[in-house]
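# Chain and residue survey
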Amino acid sequence: MISHIPILFEDGRIEEAVEGAAAAIETMMLLGDVKAVASAHQVLAREYEVIENWDESLRHAMQSLKIGGTALTPYERAATCGLALSAASKLGRRSEVAHCVGILQEAFAVDPSLRGAFVKAFEGEAELLAL
């Protein structure tokens, strides 16, 4: 069901996408598949970003980071932080921005090459934070 989320969002069937994602997330949680749950939240965060629902984008990005924790690769954490950072900055939520900056600094320390990829993908946020 997770792979269908972008298609359903694009088709305007957001409620159906969210209900399907919630059911899939619940099943993956029962199975203990932390990375899949984090990935599902990241997909939702991205789709909410596309439709400029910053509150939901931020909520799902932060859930992805919280649930995924250290199970996520530095790249996955940086990509998810980019989504959270984008939404948090648009909402003026400084505590979430600061939290993401800390996670990004950790990811960049582990893999310095991520900095360039992040700056390219999240140009506005990188300029905002002088990364």
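For the structure given in this document, a descriptive report is provided here. Along each chain, residues carry numbers from 1 onward, in the same order as the chain's sequence is written. Reporting in this predicted model follows two pLDDT cut-offs: at least 70 for local features of residues, and 80 or more for side-chain atom pairs to be given and counted; totals over whole chains, interfaces and linings ignore these cut-offs and use all residues. To obtain the side-chain values, all non-hydrogen atoms of the structure were used and water was disregarded.

## Observations regarding the overall build of the protein
To keep things clear, this is the line we draw: Strands are runs of DSSP state E lasting at least 2 residues, helices are runs of H or I lasting at least 4, and numbering of each runs from the N terminus. The globule rule is 2.2 Å times the number of residues to the power 0.38, and the radius of gyration it is compared with is taken over C-alpha atoms. Buried residues are those whose accessible area, probed at 1.4 Å on protein chains only, stays under 20% of the maximum for their type, while exposed residues exceed 50% and partly exposed ones sit between those limits. Only heavy atoms enter the contact rule, under which two residues are in contact if any of them lie within 4.5 Å. Exposure was quantified through the Shrake-Rupley algorithm and a 1.4 Å probe, taking into account, for residues, occlusion by the shown protein chains and nothing else. Only four residue types enter the tally: Lys and Arg on the positive side, Asp and Glu on the negative side, with His and both chain ends excluded. Where a charge lies is defined by one atom per residue type, namely NZ (Lys), CZ (Arg), CG (Asp) and CD (Glu).
When you go through the protein residue by residue, the secondary structure sums to eight helices and zero strands. Going residue by residue from the N terminus, the α and β elements of the protein occur as α-α-α-α-α-α-α-α. A compact globule built from 131 residues would reach a C-alpha radius of gyration of about 14 Å, and the protein, at 14 Å, matches this within 12%. Structurally, the protein occupies a C-alpha span of about 40 × 30 × 25 Å along its principal axes. Burial analysis of the protein (131 residues in total) assigns 41% to the buried set. Once local pairs closer than 6 in sequence are excluded, the contacts in the protein between residues at least 24 apart make up 53%. Surface exposure of the protein reaches about 7100 Å², of which carbon and sulfur atoms provide 54%. Averaging the positions of the 11 positive and the 19 negative side-chain charges in the protein gives two centres separated by 7 Å.

## Remarks on unusual backbone geometry
Although it is not a glycine, Glu52 sits at a positive phi angle of roughly 60 degrees. Following the sequence through the fold, Glu52 ends up in the loop between helix H3 (34-50) and helix H4 (54-68). Assessed through its relative accessible area of 56%, Glu52 is described here as exposed.

## Observations concerning the side chain of His60
With respect to the element layout, His60 can be found in helix H4. Look at His60 and you get buried, because its relative accessible area is 5%. Not counting residues within four places of it along the chain, the set of residues in contact with His60 comprises His41, Leu44, Ala45 and Tyr48.

## Concerning H4
The criterion, for reference: An expected span of 1.5 Å times one less than the residue number is assigned to each helix.
Its 15 residues give H4 an end-to-end C-alpha distance of 21 Å, which sits within 8% of 21 Å, the value for a rise of 1.5 Å per residue. For H4, the complete set of buried residues consists of Trp54, Ser57, Leu58, His60, Ala61, Ser64, Leu65 and Gly68. For H4, the secondary structure elements touched by its buried residues are H3, helix H5 (74-91) and helix H6 (94-110). Just past H4, the residue Gly69 takes up positive phi, approximately 45 degrees.

## What to know about the side chain of Ser86
Worth spelling out the cut-off: Pairs of N or O atoms within 3.5 Å make up the polar contacts considered here, provided that, within protein, one atom can donate a hydrogen while the other can accept it, and that residues adjacent in sequence are counted only when both atoms are side-chain atoms.
Looking at the element boundaries, Ser86 is found in helix H5. Overall, the relative accessible area of 3% leaves Ser86 in the buried class. A polar contact of 3.3 Å, which involves the side chain of Ser86, links it to the side chain of Glu49. For Ser86, the contacting residues outside a window of four places in its chain are Glu49, Trp54 and Glu125.

## A few points about the pattern of salt bridges
Under the convention used in this document: The working definition used for a salt bridge is a side-chain nitrogen of Lys or Arg within 4 Å of a carboxyl oxygen of Asp or Glu.
This model, assessed by the stated rule, comprises six salt bridges. Lys35 serves as the salt-bridge partner of Glu76, at 3.4 Å between the closest nitrogen and oxygen. Residue Glu76 is found in helix H5, and its partner Lys35 is found in helix H3; the two are separated by 41 residues along the sequence. Residue Glu76 is classed as partly exposed on the basis of its relative accessible area, which comes to 25%.

## Digging into the nonpolar core
The tendency in soluble globular proteins is for nonpolar side chains to be buried side by side. Heads up, the rule is: By nonpolar core is meant a set of buried Ala, Val, Leu, Ile, Met, Phe, Trp, Tyr and Cys residues that side-chain atoms within 4.5 Å join together.
Membership of the largest hydrophobic core comes to 22 residues, with the highest contact counts inside it found for Cys81, Leu85, Leu104 and Phe118. Every element with two or more residues in this core is listed here: H4, H5, H6 and helix H7 (113-121). Look past the residues within four positions of Cys81 in its chain and what remains in contact with it is Leu65, Cys100, Ile103 and Leu104. The next biggest cluster of nonpolar side chains, apart from the first, holds 14 residues, and it includes Phe9, Ala17, Ile25 and Tyr48.

No statement about biological role is implied by the geometric values presented.
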